[in-house]
Amino acid sequence: MQTSVILEFIKKIELFKELGEEELQLISDHIETREYPAGDLLFTENSHRRFLFIIYAGEIELFKTSPFGEEKRLSFFRKADFLSEGALMDDYPHSTSARATIASTALIISREEFEQLFENHPHLAAKILGRVARVIARRMRQASTRVVNAAAQYISGRTRTEHDLLGEREVPHEYYYGIQTLRALENFMISGISLTHFPDLINALAMVKMAAARANRDLGLLSAPISDAICQACNEIINGKMHTHFIVDLIQGGAGTSTNMNANEVIANRALEILGYEKGEYNYCHPNDHVNLSQSTNDAYPTALHVALINSNKKLIVVLKQLVTAFRSQAEKFKDIIKMGRTQLQDAVPMTLGQTFDAYAATLAEEIERLDENASLFLEINLGGTAIGTGITADPQYGRKAVDHLRDITGLDMKLAPDLVEATQDTGSFVMYSSAIKRLAVKLSKISNDLRLLSSGPRAGFNEINLPQMQPGSSIMPGKVNPVIPEVVNQIAFKVIGNDLTVTLAAEAGQLELNVMEPVIAQSIFESIEMLKNGMVTLNHRCIENITANSEECTSMVQRSIGLVTALVPVLGYETCSTLAREALEQNRGVYELVLEKKLLSQEELDKLLDPANMIGPSSRPS
């Protein structure tokens, strides 16, 4: 690339603003141009920072990989954006990875080149480092106030003026959201968890807005260029772009208006760019007049919640199925290990450890059908009902057309509620689904309680199984290892149970034609789903998969147990067996030797009846 082209381009980069021509020329001498084909990595997580990257053309996505290999997109960088500016200061490892989504060109400055610049022109390097420090400070400030997360683009200082009912505000130019989102950000610093953390909801909002744009175009209410631009912006959001600009707190007053307007403003401003205009030039594409056309928060927001919860439920079930498979795998491994079954924490009758784990698999597998059954209630929506279900401001054909388009976009069998007034105020589907995830949480907590008991000890407890050792268990007791994974699943369950009560109270608090408490309903259910997903993944990979059995201890407890006497009831009768059990306890003797001593059965008959393998299932009653 020609030096003159590079020189002209870097004048626009914030790090080099306020530099003179000679200083810019010095910098350009240290710049290298690199091409990155689609899919190529610029840097990877945990690698040392070596280069400042300035995007000249194309698009770069920033992403982070979970411990289980799942990628989470954080942000997208385009022309004139820069990243990894901290490389000019130190070689601290990258906390994220960056990849070209399309063929891209970057201008790079290595730390070695910058150090040479520093040595020869310390005053110039100090200016640049000052700009770097300001950028990093602003990004940290953004992260702490949740304006946009730490992976978002820089604040350039350029602003645009927007106005609403309450007056005017200056909005940073880079942001796709607008004045109403800015007000919500200031008003609702509540949970500390923004829309950004719930990509399924962001995608669902975009799907609803796309369906609306298509329906409005069909009815001649939106021009083709505006509709196409809105749909393209929505499609980009569905593909994971611009999620960092959805920043309102999920808990908010206004029945979800702030969430709806956050989506409207982001979509409108991206559509304006697609149409060739600047952000904020709303006379060409307006958040309310175009993106929100024929809608109200009161039908668009709950419809998006329904779509998002259906899709979130699918992901929850994938994780649940994996956990069920893990329990079944362990059940097969433990199928021949005899142990003592217990009721009321007292010895009952023998069983196998495999039966224990099979029961866990079976009880969790039941929840798959329950979750799907309750999630299907979300297929009925009130789109087209607008404010209270009467459809005011919407074309009579809009609701049907919008639902048809939404069905096509989502691939879900969405259907219009028969009574939109009723559907706009009703939150019964949330109550039902919340109860289903509470039921799953209760079962997971019960299983976790069992795992903690069965692994208790190791010397003074049940000690029938060994949970994988994840961390030291005490700051004072050497050698102690705690069942931390089941413990955290217990706590997740408590939170889900509490969230279900919140959903119940919020649903009851609805008044007249609208339930304004839907935001806390949404936050509670989404939080429960996310915690259950994470908890089940953790339980599976950090506990269930690596449980081992103490088979000798299991067998020993069966042989010592008074519970063996139950197997003799069909032959000797309940009264005789009760006497045997009492004498065995009082005399600290075994049931086996007492039966032989009293000549109640022959040794051959007794061995057959007390063979643990014959006591783990039904058998014919002796004649």
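Now for a look at the structure at hand. (Residues numbered from 1 in each chain as written. Predicted model: local features only at pLDDT ≥ 70, side-chain atom pairs only at ≥ 80, totals over all residues. Heavy atoms only, no water.)

Another aspect to go through is the overall build of the protein chain. A count of helical and extended segments in the protein chain gives 21 helices and 16 strands. Taking 623 residues into account, the globule formula puts the C-alpha radius of gyration at 25 Å, and the protein chain, at 32 Å, lies well above it. Principal-axis analysis of the C-alpha atoms places the extent of the protein chain at approximately 110 × 70 × 40 Å. For the protein chain, buried positions account for 51% of its 623 residues. Roughly 28,500 Å² of accessible area belongs to the protein chain as shown, and the carbon and sulfur atoms make up 52% of that amount. Considering the protein chain, the positive charge centre built from 60 side chains and the negative charge centre built from 78 side chains are found 2 Å apart. (Helix = DSSP H or I, 4+ residues; strand = E, 2+ residues; numbered from the N terminus. Rg over C-alpha atoms; globule rule 2.2 N^0.38 Å. Buried < 20%, exposed > 50% of the residue type's maximum accessible area, 1.4 Å probe, protein only. Areas by Shrake-Rupley, 256 points an atom, 1.4 Å probe, with all protein chains shown as cover. Lys, Arg positive; Asp, Glu negative; His and termini not counted. Charge placed at Lys NZ, Arg CZ, Asp CG, Glu CD.)

Whenever strands of a sheet pair, they do so through backbone hydrogen bonds, lying parallel or antiparallel. The 4 strands lie next to each other as E2-E7-E4-E5, forming an open sheet whose pairing is antiparallel. For this open sheet the edge positions go to strand E2 (41–43) and strand E5 (71–77), each flanked by a neighbour on one side alone. Looking at each pair of strands side by side, their axes are set apart by 30° on average, direction ignored. Relative to strand E7 (residues 97–100), E2 runs antiparallel, the two sharing 2 bridges. By the bridge assignment for E7, Leu41 is matched with Arg99. (Pairing = 2+ DSSP bridges. Axes fitted to C-alpha atoms, helices over the stretch in contact; angles between N-to-C directions.)

With that out of the way, let us pick up the packing of aromatic side chains. The tally for this structure, following the rule as stated, stands at 13 aromatic pairs. Consider the rings of Phe43 and Phe53, whose centres lie 5.7 Å apart with planes at 40°: the pair is tilted. Pair noted here: Phe43 is in strand E2 and Phe53 is in strand E3 (residues 51–57), with a separation of 10 residues, a long-range link. On the basis of relative accessibility, which here comes to 1%, the residue Phe53 falls in the buried class. (Phe/Tyr/Trp six-rings, centres within 6.5 Å; stacked < 30°, edge-to-face > 60°.)

Another point: the packing of helix H5 (residues 179–187) against helix H8 (residues 257–275). Viewed as axis vectors pointing N to C, H5 and H8 meet at an angle of 140°, and their least axial separation amounts to 8 Å. One way to sum up the angle between H5 and H8 is to call them oblique. Of the two possible hands of crossing, H5 and H8 adopt the one that is left-handed. In this structure, H5 contributes Ile179, Gln180, Thr181 and Ala184 to the contact, and H8 contributes Ser258, Met261, Asn262 and Glu265. (Parallel < 35°, antiparallel > 145°, perpendicular 65-115°, else oblique. Left-handed = near helix turned anticlockwise from the far one by under 90°. Contact = heavy atoms within 4.5 Å.)

Here the residue pair Gly457 and Pro458 is connected by a cis peptide bond, since its omega of 5° sits within 30 degrees of zero. Within the fold, Pro458 resides in the loop between helix H14 (428–454) and strand E15 (465–466). For Met242, which is not a glycine, the phi torsion comes out positive at approximately 65°. With respect to the secondary-structure elements, Met242 resides in the loop between helix H7 (224–238) and H8. A positive phi angle, near 50°, is found at Thr386, a position not held by glycine. Structurally, Thr386 can be placed in the loop between strand E13 (380–381) and helix H12 (398–410).

Moving on: a nonpolar patch on the surface. Residues Val442, Phe494 and Ile497 make up a contiguous nonpolar surface patch of roughly 260 Å² in combined accessible area. Summarising the element assignment, Val442 is placed in helix H14. A relative accessible area of 41% places Val442 in the partly exposed class. (Patch = residues over 30% accessible without salt bridge, like charges linked within 9 Å, V, L, I, M, F, W, Y side chains within 5 Å. Salt bridge = Lys/Arg side-chain N within 4 Å of Asp/Glu carboxyl O.)

Okay, the sheet that holds strand E8 (residues 104–110) next. Read from one edge to the other, the open sheet built from 4 strands follows the order E1-E8-E3-E6, with strand pairing classed as antiparallel. Of all the strands in the sheet, just strand E1 (32–36) and strand E6 (82–83) have a single pairing partner and so form its edges.

What follows covers the environment of Asp164. Residue placement: Asp164 occurs in strand E9 (residues 159–164). Residue Asp164 is classed as buried on the basis of its relative accessible area of 17%. The spacing of Asp164 and Ala103 is 61 residues in sequence and 40 Å in space, taken between C-alpha atoms. Not counting the four nearest positions on each side in its chain, Asp164 is found in contact with Ile179, Gln180 and Arg183.

Contact pair helix H15 (residues 484–508) / helix H16 (residues 518–542): the axes reach a minimum separation of 9 Å and the direction vectors enclose 165°. By the angle between their directions, the pair H15 and H16 is classed as roughly antiparallel. Considering only the axes of H15 and H16, their crossing is left-handed. Residues Ile485, Val489, Ile492, Lys495, Val496, Asn499, Thr502, Val503, Ala506 and Ala507 of H15 touch H16, and the partners they reach there are Val520, Ile521, Ser524, Ile525, Glu527, Ser528, Met531, Leu532, Gly535, Thr538, Leu539 and Arg542. A class-by-class count of the residues in the contact of H15 with H16 yields 13 nonpolar, 6 polar and 3 charged. (Nonpolar A, V, L, I, M, F, W, Y, C, P; charged D, E, K, R; others polar.)

Let us look at a negative patch on the surface. A cluster of acidic residues, Glu380, Asp419, Glu422 and Asp426, forms a negative patch at the surface. Topologically, Asp426 is positioned in the loop between helix H13 (420–425) and H14.

What follows covers the state of the cysteines. In total, this model carries 0 disulfides according to the counting rule given. Cysteine Cys231 remains unbridged, with the sulfur of Cys234 as its closest cysteine sulfur at 6.2 Å. This cysteine, Cys543, is not joined by any disulfide, and Cys554 carries the nearest cysteine sulfur, 16 Å off. (Disulfide = S-S within 2.5 Å.)

Tracing the sequence through the fold places Arg160 in strand E9. Classification of Arg160 as buried rests on a relative accessible area of 7%.

Given a rise of 1.5 Å per residue, 25 residues ought to cover 36 Å, and the 35 Å separating the end C-alpha atoms of H16 matches this to within 8%. Most of H16 is tucked away: 18 of the 25 residues are buried. (Expected span 1.5 Å × (residues − 1).)

Let's shift gears to the nonpolar core. Within the largest apolar cluster, 115 residues are counted, with the highest numbers of intra-cluster contacts made by Leu201, Ile230 and Leu451. Counting residues per element, this core draws most heavily on helix H10 (residues 297–333), which supplies 17 residues. When neighbours within four sequence positions are excluded, Ile230 is seen to be in contact with Lys209, Ala213, Leu222, Ile267, Ala271, Cys285, His290 and Val291. (Core = buried A, V, L, I, M, F, W, Y, C linked by side-chain atoms within 4.5 Å.)

Another aspect to go through is H8. Helix length check: H8 (19 residues) gives 26 Å between terminal C-alpha atoms against 27 Å at 1.5 Å per residue, within 8%. Taken across its 19 residues, H8 has 15 buried, putting it largely inside the fold. One or two positions beyond H8, positive phi appears at Gly276, with a value near 100°.

Turning next to the environment of Ile381. Mapped onto the elements, Ile381 comes out in strand E13. When the C-alpha positions of Ile381 and Pro122 are compared, they lie 64 Å apart, and in sequence the two are 259 residues distant. Look past the residues within four positions of Ile381 in its chain and what remains in contact with it is Thr303, His306, Val403, Leu406, Met414, Lys415, Leu416, Ala417 and Leu420.

Once the charged atoms of two side chains with opposite charge are near each other, the side chains can pair. For the structure on display, the rule yields 38 salt bridges. The partner of Asp164 in a salt bridge is Arg183, with the nearest N and O atoms 2.6 Å apart. Remark: Arg183 occurs in helix H5 and Asp164 occurs in strand E9; sequence separation between them is 19 residues. Across the pair, exposure class does not vary: Asp164 and Arg183 are buried alike. Via salt bridges that share partners, Glu236, Arg270, Glu273 and Lys279 belong to a single interconnected network.

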